[in-house]
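Residues per chain are reported as follows:
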Amino acid sequence: MAQKESGITELKNRMHCLPACRHGLKQFRNGWADGPAYITQCPIATGRSYVYDFNVTGQRGTLWWHAHILWLRATVYGAFVILPKQGDPFPFPQPYQEANIVLGEWWNADVEEVEKQGNQLGLPPNMSDAHTINGKPGPLFPCSDKHTFAMEVERGKTYLLRIINSALNDELFFAVAGHNMTVVEIDAVYCKPFQTEALLIAPGQTTNVLVRADRAPGRYFMAARPFMDAPLPVDEKMATAILQYKGVPNSVVPTLPRLPARNDTAFADAYNDKLRSLNTPRFPANVPLVVDRHLFYTIGLGINPCVTCLNGTQLTASLNNITFVMPTVGLLQAHYLNVKGVFRLDFPDNPPTPFNYTGAPLTANLGTSLGTRLSRLAFNTTVELVLQDTNLLSVDSHPFHLHGYNFFVVGTGVGNFDPARDPSKYNLVDPPERNTVGVPTGGWTAIRFRADNPGVWFMHCHLELHTTWGLKMAFVVENGNGPDQSVLPPPSDLPPC
Ligand code: C2O
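Please read these numbers as outputs of a predicted model, since none were measured by experiment.

Student: Explain the overall build of the protein chain to me, using residue names and the numbers behind them.
Tutor: Scanning the protein chain for helices and strands turns up five helices and 27 strands. Relative to a compact globule of 497 residues, whose C-alpha radius of gyration would be 23 Å, the protein chain shows 22 Å and is just as compact. Reported as C-alpha extents along the three principal axes, the dimensions of the protein chain are approximately 65 × 55 × 50 Å. Scored against the burial criterion, the 497 residues of the protein chain give a buried share of 47%. Counting contacts in the protein chain only where the partners sit at least 6 residues apart, residues at least 24 apart contribute 78% of the total.

Next up, the structure:
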């Protein structure tokens, strides 16, 4: 990875605009500190700095932060760990030590060029050159051993790994050779503990696991490799790091873990099925049982005309056949100051034409309409949103992330969502609570949340390629009438557009 350092310098020189998002932090009434460019703020100009001022309220656990414009989060990201209040123990035995394991993705090429290429129809997919663990790809790539993250452990002790997927475009499997993991937290919410040999983590998600160093002293690889159900030509190498028992010399050759095959959807479904909220008196799952507002959004990939593009066409992505157009001023400012003409509040609650979403390949409905269209939610309403994957152009899975909120994943299934049948199978007792959820290939996912955080909140696929293509929208959550139910005034130094 000799090019890595020079790549970073290059990126730094071009940090013309770098709003940073604290992914998963709720920023109650304070979207000003949320970070996505042109949604809650304008970018930070070249040579400028900006200090985000925010409170952390009611949350603890593993989250992260990243640049939130173009593809700059390729290298600009980090862990954001909120410790429990003092005297507030974990709902599991206290680990001996903990470590952040941040999974990333690396291109030898300039990521802005890769992003441009990603918009062109007919060019090969933008496979990255490596995945990384704590910034390093590990020795299975043609790099020197010093580009390998190693963690020393003592035999008999238990460690908490805070795993974050900050890759741009890949859901990842992760495992530690010879060691089972006990999953205890997802997206900064405790979950019912369960053991697993491997885990699945989508870009945007975090997973805390306990690992007990109870094997013969040695060196064991931790490894990550993509999960992808769409057929792709290359089977990528594993990114690796080393779990090293104290006193074991570096000359010992580490063993590799078994990771599910690249297209192992059965493993992915079974793994996601095991995720449950803790739902104890101390950590209740407050799932909205009554729904005020039902939303049904189809996710489509399509093709639109494009005058400046190579083939006169451009790949697009859409929700309810609408491809989101980024504004040139911040939406939260426009909402707060009541500036007209920046966005429309008419995002449809349902797709334009019902069709067999996951049926035979569809050629109709490929073209989408463009617009900066938002959906208005009355303060404190309970919302159910069904995200339906479709077979427009191709089926792919999509990790959806909602800013400003956690939500409950009450149901998921294959094929077309059936409003008459599927809701009866929802888990309304202990569904997983999170901020990013994978919508399965050719299937659907239903989430519920209470719109109690006023502001403008971005929702998008956390695969950067799809976000670029327009797979995004935003909610405007109105102010409530009570005290402390309105958007706070903006900071006076918010970057100007
Ligand atoms: Cu992780 Cu819109 O972000």
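Student: Just give me the short version of the sheet that holds strand E12 (residues 206-212), but keep the residues and values in it.
Tutor: Here we have six strands laid out as an open sheet, ordered E5-E4-E7-E12-E9-E10, and mixed in their pairing. The sheet terminates laterally at strand E5 (130-133) and strand E10 (189-196), the two strands that pair on one side only. Each strand axis lies, on average, 25° off the axis of its neighbour in the sheet, ignoring direction. The sheet contact formed by strand E7 (residues 158-165) and E12 spans seven bridges and is antiparallel. Among the inter-strand pairings, threonine 158 is bridged to a residue of E12, identified as arginine 212.

Student: Requested: an account of the sheet that holds strand E8 (residues 171-176), with residues and values cited.
Tutor: An order of E6-E14-E13-E8-E11 is seen for the five strands of this open sheet, with the pairing classed as mixed. Single-partner strands in this sheet number two, and they are strand E6 (150-153) and strand E11 (198-201). The mean angle between the axes of side-by-side strands here comes to 20°, regardless of whether they run parallel or antiparallel.

Student: Could you give an account of the nonpolar core, naming the residues involved and the relevant values?
Tutor: Counting 124 residues, the largest nonpolar core has Leu103, Phe174 and Ala474 as the members making the most contacts within it. Per-element tally for this core: the top contributor is strand E13 (residues 219-227), with six residues. Leave out the neighbours within four places in its chain, and phenylalanine 174 touches Leu103, Ile163, Ala198, Leu199, Ile201 and Ala224.

Student: Go over the environment of serine 394 with me, naming the residues and quoting the values.
Tutor: Relative to the helices and strands, serine 394 resides in the loop between strand E20 (382-389) and strand E21 (398-402). C-alpha of serine 394 to C-alpha of leucine 301: the two residues are 93 residues apart in sequence and 6.5 Å apart in space.

Student: Tell me about the confidence of the model for the protein chain, and name the residues and values.
Tutor: Chain-level statistics for the protein chain give a pLDDT mean of 90 and a share of 92% at 70 or above. This complex was scored by the predictor with a pTM of 0.94 and an ipTM of 0.99.

Student: Talk me through unusual backbone geometry; I want residue IDs and the actual numbers.
Tutor: Working note: non-glycine residues mostly have negative phi, and peptide bonds are mostly trans. With a phi close to 60°, arginine 29 is a non-glycine residue in the positive phi region. Relative to the assigned elements, arginine 29 resides in the loop between strand E1 (20-23) and strand E2 (61-67). On the neighbour-count criterion, arginine 29 (20 C-beta atoms within 10 Å) is buried.

Student: Which residues make up the pairing of E5, and what values do they have?
Tutor: The alternating pattern of E5 places Ala130 and Thr132 on one face and His131 and Ile133 on the opposite face, and all of these are buried. Pairing between strand E4 (residues 97-106) and E5: four bridges, direction antiparallel. Looking at the pairing, glycine 104 lines up with threonine 132 of E5.

Student: Any chance you could break down the pairing of strand E15 (residues 293-305) for me, citing the residues and the numbers?
Tutor: Sheet topology note: the E15/E20 ladder contains seven bridges and is parallel. For arginine 293, the partnering residue across the bridge sits in E20 and is valine 383. When E15 meets strand E16 (residues 313-319), the two strands line up antiparallel, connected through seven bridges. When the sheet's bridge partners are listed, leucine 301 is paired in E16 with alanine 317.

Student: I'd like a rundown of the environment of tryptophan 106, residues and numbers included.
Tutor: Positionally, tryptophan 106 belongs in strand E4. A tally of 23 C-beta atoms within 10 Å means that tryptophan 106 is categorised as buried. Excluding residues within four positions of it along the chain, tryptophan 106 makes contact with Ser128, Asp129, Ala130, Thr132 and Pro137.

Student: Just give me the short version of the environment of alanine 109, but keep the residues and values in it.
Tutor: With respect to the helices and strands, the residue alanine 109 is situated in the loop between E4 and helix H2 (111-118). Take alanine 109: there are 13 C-beta atoms within 10 Å of it, and that puts it in the partly exposed class. Sequence spacing of alanine 109 and proline 432 is 323 residues, and the spatial spacing of their C-alpha atoms is 38 Å.

Calculation notes
Residues numbered from 1 in each chain as written. Predicted model: local features only at pLDDT ≥ 70, side-chain atom pairs only at ≥ 80, totals over all residues. Helix = DSSP H or I, 4+ residues; strand = E, 2+ residues; numbered from the N terminus. Rg over C-alpha atoms; globule rule 2.2 N^0.38 Å. Buried ≥ 20, exposed ≤ 12 C-beta atoms within 10 Å, placed from the backbone. Contact = placed C-beta atoms within 7 Å. Pairing = 2+ DSSP bridges. Axes fitted to C-alpha atoms, helices over the stretch in contact; angles between N-to-C directions. Core = buried A, V, L, I, M, F, W, Y, C linked by C-beta atoms within 7 Å. pLDDT = per-residue confidence, 0-100.

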